[in-house]
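Here are the chains, one letter per residue:
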Amino acid sequence: MSSPIFEKSEYLKNIKIIKILKESAFSAHTDIVCISISKNLNSVERFKCFVKELEDSNDAIVSSMGKTTITILLHERFLEKAKNFFSKEILDINVKVGAIFMKCPKEVNLTPGVTALISSLFADKNVTLYELISTYTDYVIVINEKDTYKMASYIKSILEVNYDN
Amino acid sequence: MTIERTIRRFLREQKVKSVLKSSEIGATTDLVLFHIKRNNFSIALYDDLKIEFLKSSNHLRGAVGERYISVIVNEQYHDYLLNLFREHIVSVQKKVACIILDCSKTKNVSGIITYITSILAKKKINMYGFFTSRDDITLIIDENKAFEYVDELKKKLKA
C-alpha cells in the first residue's frame, strides 16, 4: 500500500525504524505549560524546592538543562506556583502547549535515524517543535496545543500503513 | 514527490540553514552519559548534583523524562555518579560527546531538528540522547564521531 508520506521521508524506507516506532507506545497530553528559566545557582536551588513542594513530584515535571537555561514542562495547574517560585528567573512562558510522549523499545538507542524521522513528520506538517527531550528510550515532543492530537493521530496513521510491500 | 512539495521543502531548508548559520556550534568530548530510573530518590540526588556541579563550575547537562533521567558529566566523575545512583542506573555510555547548538532565532522555524539529525542518520551516526532547552540543542553521540559531524554540518551550512 502506498502512502504520500512514503515519498516525503526517506527514512521510512528503513524498516528497522518503522518496526521500532510500531512497537512504541504513544500518548498525548494538553493543558501543559513550558517555562524557561535562567540556569544559575539560585534557580537550581529553587527548582529543587519547587519539585519537593509539588504533591507528587514524580509525575509532575519533565525538564531539561542546557547551557544557560532550564526548561520545565508541567501541568498548567502548577503555573501560578511556578511563577511565584521562579519570578525573576523566568525567561519565557509558553502556555497552551501539548506534549506527545513516546516510549520506545531498547533498540531505539542502537538505530540511527529515529529522531530524524520523528521530527520530519512534524516538519512535513509545518508544526514547530518547541522542545524535544529524549531520555534513554523515551521521547517528549512539545508542540502547540492545537496541533497535539492532530499530530498524534497523524503519526499513528503513518505507522498503520504496511511498508513491507 | 510533487513539484510543490519539493519547492516547499527547499524553502524550508533554506530558512533552517539561515537560522543555523547564525548559531554557535561546538563539541565537548571526554564525557560520560548516565541513564537513570526516575523515582523520588534519584530526582532528589539529581537536584543535589546540579547544585553541586554549578557551585564548582563543572560540566553537567541533563534531562528528566517520564521514566528516566539522563545526565552527562565529565568522565572524571564516572565513579562518583556510579556510587551515587547505584542500582538506579539503567545504562552508562562512556566516551561520548555533546554537540551543542546555540540557536537564538529558532522560534517558529520548523525543520531545524530534522536538518541536524538527518545528517547524523545519513552518516549512520547513532545518537544516545537529545534535548533542547529554549535556545540550545544538545546532541549526545560517540566522541570519535563528534568532530566529523560538526565538520559535516558546517560544510552543509556553507554549501
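Reading guide: rules and limits
Residues numbered from 1 in each chain as written. Chains lettered and ligands numbered in written order. Predicted model: local features only at pLDDT ≥ 70, side-chain atom pairs only at ≥ 80, totals over all residues. pLDDT = per-residue confidence, 0-100. Helix = DSSP H or I, 4+ residues; strand = E, 2+ residues; numbered from the N terminus. Contact = placed C-beta atoms within 7 Å. Pairing = 2+ DSSP bridges. Axes fitted to C-alpha atoms, helices over the stretch in contact; angles between N-to-C directions. Parallel < 35°, antiparallel > 145°, perpendicular 65-115°, else oblique. Nonpolar A, V, L, I, M, F, W, Y, C, P; charged D, E, K, R; others polar. Left-handed = near helix turned anticlockwise from the far one by under 90°. Expected span 1.5 Å × (residues − 1). Buried ≥ 20, exposed ≤ 12 C-beta atoms within 10 Å, placed from the backbone. Arc of directions from axis to C-beta.

K.L.:
Talk me through the confidence of the model for chain A; I want residue IDs and the actual numbers.
P.N.:
Residue and element names in this part refer to chain A. Scored by pLDDT, chain A has a mean of 87; 86% of the residues are at 70 or more. Element-level mean pLDDT values for chain A span from 46 in helix α1 (residues 4–8) up to 96 in strand β6 (residues 138–144). Here residues 1–7 is a poorly scored stretch, pLDDT under 50, and it has 10 contacts once near neighbours within four places are set aside; other chains count.

K.L.:
Give a detailed account of the sheet that holds strand β4 (residues 90–103) of chain A, specifying residues and quantitative values.
P.N.:
Taking strand neighbours around the barrel as the criterion, the 12 strands line up as β1(A)-β3(A)-β2(A)-β2(B)-β3(B)-β1(B)-β4(B)-β6(B)-β5(B)-β5(A)-β6(A)-β4(A) in a closed arrangement whose pairing is antiparallel. Adjacent strand axes in the sheet meet at a mean angle of 25°, parallel and antiparallel pairs treated alike. Inspection of the sheet shows strand β1 (residues 24–37) of chain B paired to strand β3 (residues 68–74) of chain B by seven bridges, in the antiparallel sense. Of the residues in β3 of chain B, the one forming a bridge with Lys37 of chain B is Tyr68 of chain B. Seen against the sheet, helix α5 (residues 143–158) of chain B touches β1, β4 (89–102) and β6 (136–142) of chain B and runs at an angle of roughly 140° to β1 of chain B.

K.L.:
So what's going on with the packing of helix α3 (residues 41–53) of chain A against helix α2 (residues 40–55) of chain B? Which residues, and what values?
P.N.:
It is the contact of α3 of chain A with α2 of chain B, at a shortest axis distance of 9 Å, that shows an interaxial angle of 170°. As summarised for this structure, α3 of chain A and α2 of chain B are arranged roughly antiparallel, according to the angle between their axes. For the pair formed by α3 of chain A and α2 of chain B, the contact residues are Leu41, Val44, Glu45, Phe47, Lys48 and Val51 of chain A on the first element and Ile43, Asp47, Lys50, Ile51, Leu54 and Lys55 of chain B on the second. Its residues assigned to classes, the contact of α3 of chain A with α2 of chain B comprises seven nonpolar, no polar and five charged.

K.L.:
Residues and numbers for the packing of helix α6 (residues 114–124) of chain A against helix α4 (residues 112–122) of chain B, please.
P.N.:
Two elements in contact, α6 of chain A and α4 of chain B, have axes separated by 8 Å at closest approach and are oriented at 150°. By the angle class used here, α6 of chain A and α4 of chain B are roughly antiparallel. For the crossing formed where α6 of chain A meets α4 of chain B, the hand is left-handed. Listed contacts from α4 of chain B to Thr115, Ala116, Ser119, Ser120 and Ala123 of chain A of α6 of chain A are Ile113, Thr114, Thr117, Ser118, Leu120 and Ala121 of chain B. When its residues are assigned to classes, the contact of α6 of chain A with α4 of chain B shows five nonpolar, six polar and no charged.

K.L.:
Tell me about helix α1 (residues 3–21) of chain B, and name the residues and values.
P.N.:
Residues and elements named next belong to chain B. For α1, built from 19 residues, the straight-helix expectation of 27 Å at 1.5 Å per residue is met to within 8% by its first-to-last C-alpha distance of 27 Å. Here α1 has its buried residues at Val16, Val19 and Leu20. Each buried residue of α1 sits inside an arc of 95° when the element is viewed along its axis, so together they form one side. With respect to the buried face of α1, the exposed residues turned more than 90 degrees away are Ile3, Glu4, Thr6, Ile7, Phe10, Leu11, Gln14, Ser18 and Lys21. As for α1, its buried residues are in contact with α4 and α5.

K.L.:
Break down the pairing of strand β2 (residues 62–65) of chain A for me, citing the residues and quoting the values.
P.N.:
Taking every second residue as pointing to the same face, both faces of β2 of chain A are buried, with Val62 and Ser64 of chain A on one and Ser63 and Met65 of chain A on the other. For β2 of chain A and strand β3 (residues 69–75) of chain A, the ladder comprises four bridges, and the chain directions are antiparallel. Of the residues in β3 of chain A, the one forming a bridge with Ser63 of chain A is Ile72 of chain A. Relative to strand β2 (residues 60–64) of chain B, β2 of chain A is paired through three bridges, and the arrangement is antiparallel. Each bridged residue has a counterpart across the sheet, and for Met65 of chain A the counterpart in β2 of chain B is Gly62 of chain B.

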